[in-house]
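# Breakdown of the fold
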Amino acid sequence: MQKTTRVLLGEDSEIVRVGCRVILEEAGMAVVGEARNGQEVLEQAAELSPHLVVLNLGMPRLNGCETTLRLARECPSVRVLGLMRYPVHRTAHQFLKVGGLGLLLSNCTRGELVQAVTHVARGAMCLAPDLATIIVRDLAHHGKIANDARLVQLTDRECEILRLVSDGKSIKDIAACL
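Residues numbered from 1 in each chain as written. Predicted model: local features only at pLDDT ≥ 70, side-chain atom pairs only at ≥ 80, totals over all residues. Heavy atoms only, no water.

## Things to note about the pattern of salt bridges
All chains considered together, the criterion is met by seven salt bridges. Notably, a salt bridge pairs Glu-40 with Arg-36, separated by 3.0 Å at the nearest N-O pair. The exposure class assigned to Glu-40 is buried, which follows from its relative accessible area of 16%. The network of salt bridges with common partners includes Arg-17, Arg-21, Glu-25 and Glu-34. (Salt bridge = Lys/Arg side-chain N within 4 Å of Asp/Glu carboxyl O. Buried < 20%, exposed > 50% of the residue type's maximum accessible area, 1.4 Å probe, protein only.)

Have a look at this one:
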């Protein structure tokens, strides 16, 4: 028997909260709470024990990155899926660095939201294609990414593969290039 995914919504826009609630409940998930700012997210996460928080990264009082960092310390079993209005490179990197597992743009489809919540609830990473492209390009061009306060250095070959991926090459095309 599969356990129902318990979700806390952290979003300052009522219309977005209501939309997310409807979509997630139609998909069989339980929305256990709604918070309008980062401080309310922390309070409700401690009280309601959700599996994950769907969090607007532009929240008032505590932004999404600070809220995620504090959630990692105060409620380590709670996973975080971030929502961004625009694909901002720096914010995306910071969010992932502080422990976010998934990141979507707020113009995502119903299916993308449900799929991302499902993946993040299982502990898997999920990134919107636009954001994945930004992150992979940065990684490919700089050859490094911060990960849990350690710096991972890629080999020249790994950087070459990432450059090809960020250029939109298929696996078959990449194999032919190598």
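## Looking at helix α1 (residues 14–26)
Compared with an ideal rise of 1.5 Å per residue, which puts 13 residues at 18 Å, α1 spans 18 Å between its outermost C-alpha atoms and is within 8% of the ideal. Taken together, the buried positions of α1 are occupied by Arg-17, Cys-20, Ile-23 and Leu-24. With its buried residues spanning 135° around the axis, α1 presents them on a single face. Exposed residues pointing more than 90 degrees away from the buried face of α1 are listed as Glu-14, Ile-15 and Glu-26. Buried residues along α1 sit in contact with β1 (6–10), β2 (30–35), β3 (52–56), β4 (79–84) and α5 (110–121). With its phi angle positive at about 90°, Gly-28 sits one or two positions after the end of α1. (Helix = DSSP H or I, 4+ residues; strand = E, 2+ residues; numbered from the N terminus. Expected span 1.5 Å × (residues − 1). Arc of directions from axis to C-beta. Contact = heavy atoms within 4.5 Å.)

## Brief notes about the packing of helix α2 (residues 38–48) against helix α3 (residues 64–74)
Running from N to C, α2 and α3 cross one another at 20°; their axes reach a closest spacing of 10 Å. Taken together, α2 and α3 sit at an angle that is classed as roughly parallel. The crossing of α2 and α3 is right-handed. Here Gly-38, Gln-39, Val-41, Leu-42 and Ala-45 of α2 lie close against α3, whose contacting residues are Thr-67, Arg-70, Leu-71 and Glu-74. Across the contact of α2 with α3, the residue classes tally to four nonpolar, three polar and two charged. (Axes fitted to C-alpha atoms, helices over the stretch in contact; angles between N-to-C directions. Parallel < 35°, antiparallel > 145°, perpendicular 65-115°, else oblique. Left-handed = near helix turned anticlockwise from the far one by under 90°. Nonpolar A, V, L, I, M, F, W, Y, C, P; charged D, E, K, R; others polar.)

## Some remarks on the pairing of strand β5 (residues 102–105)
Along β5, one buried face is formed by Gly-102 and Leu-104 and the opposite face, lined by Leu-103 and Leu-105, is buried too. For β5 and strand β6 (residues 126–127), the ladder comprises two bridges, and the chain directions are parallel. Following the sheet pairing, Gly-102 is matched in β6 by Cys-126. Regarding topology, α5 serves as the crossover connection from β5 to the parallel β6, and that connection is left-handed. (Pairing = 2+ DSSP bridges. Right-handed = clockwise from strand over helix to strand, strands pointing away.)

## Observations concerning the nonpolar core
One finds Leu-24, Val-54, Leu-81 and Val-117 to be the most contacted residues of the largest nonpolar core, which totals 44 residues. When residues of this core are assigned to their parent elements, the largest contribution, five residues, is made by α5. Look past the residues within four positions of Leu-81 in its chain and what remains in contact with it is Leu-52, Val-53, Val-54, Leu-55, Phe-95, Gly-102, Leu-103, Leu-104, Leu-113, Ala-116, Val-117 and Val-120. (Core = buried A, V, L, I, M, F, W, Y, C linked by side-chain atoms within 4.5 Å.)

## Quick look at the environment of Gly-10
Note on placement: Gly-10 falls in strand β1. Measuring from C-alpha to C-alpha, the distance between Gly-10 and Asn-37 comes to 6.6 Å, with 27 residues separating the pair along the chain. Discounting chain neighbours no more than four positions away, the residues touching Gly-10 are Ala-35, Val-41, Val-53, Val-54, Leu-55, Asn-56 and Met-59.

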